[in-house]
Amino acid sequence: MSSGNVRSWLVGAALAALMCSAGCAPQPVPPAATVPPQASAVPVNTPAALPSSTPTSPPLPTLTAPLALPTPTLRPTLGADGWKELPVIPTVSQTAREIYAQGQSLGRQPQAFSKVGDCESRTVWFLGDFDLGPQYYNLGPYAALQDTVDYYQGSFGRLSQVARPGFTVASMLSPLWADRKECEPNESPLACEYRQHNPALALISVGTNDVARPDGFEKNLREVIAQTIEAGIVPVLATKADNLEGNHHLNATIARLALEYDLPLWNFWRAVQDLP
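Below, the structure is looked at part by part. In this text, all values refer to a predicted model and were calculated from it rather than measured experimentally.

**A few points about the overall build of the protein**
Step number 1: Helix and strand content of the protein: eight helices and four strands.
Step number 2: Reading the protein from its N end, one meets helices and strands in the order α-α-β-α-α-α-β-α-β-α-β-α.
Step number 3: In the protein, which comprises 276 residues, the share counted as buried stands at 49%.
Step number 4: Of the roughly 12,800 Å² that the protein leaves accessible, carbon and sulfur atoms contribute 56%.

Below, the structure is given as structure tokens:
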């Protein structure tokens, strides 16, 4: 199985658990783009109508108050390299289930997920084949995941507003990097994507383009997590395959935040270690 297929079925497996690397050249991010105070909060839309083959649900209530962040809880800590031993496919915590349930009460689309990342999360080589039909992919021994592929049709090939070439975590939070034709004035790419696609889950795969400016990485990732949870969307964090920073600091940070917030972590780094 090719590395592309490995990546594809691993993501499918992560999504199934929730529901039943050459980087890009970074874009220069203006200092004001870290987390501008004027960035809009993430809204919730009434879900778009599903295709005719799927029963249409009655309108659900829109967001009236943000979901509170998980209450800090004493959790096991990871050693310096402890994240490397975390499983590839996460278990689903009670916190994640509560966020999902809250999102459903707010009208999040249960059959939609959003990709949050950089060019490595763009469609052509990342999951897009799953929206083209079985002739374009082979699940091999994971044929049971076909139901998951069918369930999330339309999200695999979507061009996310917040998965673009050169994006850092700061870019996702800044209206400066939003598509002016697609997004509302003063709306960040993250808020724009969540408003347009109205997902129940967000697959957050970041870090490669933050190597040049690692100091703000944790602060900005915390803000992405906070806005995602407050919108009633389950954040699924992912480690990255590369170690461009040289000491795995970014992956260690991603794993530590997943543990702190009690969120699912897809340990993609561990999954690719046996590849040639």
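The rest of the description comes next.
**Quick notes on the nonpolar core**
Step number 1: Ranked by internal contacts, the top residues of the largest apolar core, which has 51 residues, are Val116, Ile204, Leu221 and Ile225.
Step number 2: No other element matches the six residues that helix H7 (residues 249-261) contributes to this core.
Step number 3: Aside from chain neighbours lying at most four places away, what touches isoleucine 225 is Pro235, Leu237, Leu257, Tyr261 and Leu263.

**Examining unusual backbone geometry**
Step number 1: The residue asparagine 186 is not glycine, and still its phi comes out positive at about 65°.
Step number 2: In this fold, asparagine 186 is placed in the loop between helix H4 (169-173) and helix H5 (189-197).
Step number 3: With phi around 55°, asparagine 198 is a residue other than glycine that occupies positive phi space.
Step number 4: Following the sequence through the fold, asparagine 198 ends up in the loop between H5 and strand S2 (199-205).
Step number 5: For asparagine 198, a relative accessible area of 2% gives the class buried.

**A short note on the state of the cysteines**
Step number 1: Counting across every chain of the model gives one disulfide.
Step number 2: Here cysteine 183 is linked by a disulfide to cysteine 192, with a sulfur-sulfur distance of 2.1 Å. Measuring the twist about the S-S bond at about -90°, one finds the cysteine 183-cysteine 192 disulfide to be left-handed. Assigned by exposure class, cysteine 183 and cysteine 192 land together as buried.

**A few points about the pattern of salt bridges**
Step number 1: In this structure the tally under the stated criterion is 10 salt bridges.
Step number 2: Arginine 158 serves as the salt-bridge partner of glutamate 193, at 2.9 Å between the closest nitrogen and oxygen. Residue glutamate 193 is found in helix H5, and its partner arginine 158 is found in the loop between helix H3 (146-151) and H4; the two are separated by 35 residues along the sequence.
Step number 3: With a closest N to O distance of 2.8 Å, arginine 195 and glutamate 187 form a salt bridge. The two residues arginine 195 and glutamate 187 agree in class, both being buried.
Step number 4: One connected set of salt bridges, linked through shared partners, spans Glu218, Arg222, Arg256 and Glu260.

Quick notes on the rules
Residues numbered from 1 in each chain as written. Predicted model: local features only at pLDDT ≥ 70, side-chain atom pairs only at ≥ 80, totals over all residues. Heavy atoms only, no water. Helix = DSSP H or I, 4+ residues; strand = E, 2+ residues; numbered from the N terminus. Buried < 20%, exposed > 50% of the residue type's maximum accessible area, 1.4 Å probe, protein only. Areas by Shrake-Rupley, 256 points an atom, 1.4 Å probe, with all protein chains shown as cover. Core = buried A, V, L, I, M, F, W, Y, C linked by side-chain atoms within 4.5 Å. Contact = heavy atoms within 4.5 Å. Disulfide = S-S within 2.5 Å. Salt bridge = Lys/Arg side-chain N within 4 Å of Asp/Glu carboxyl O.

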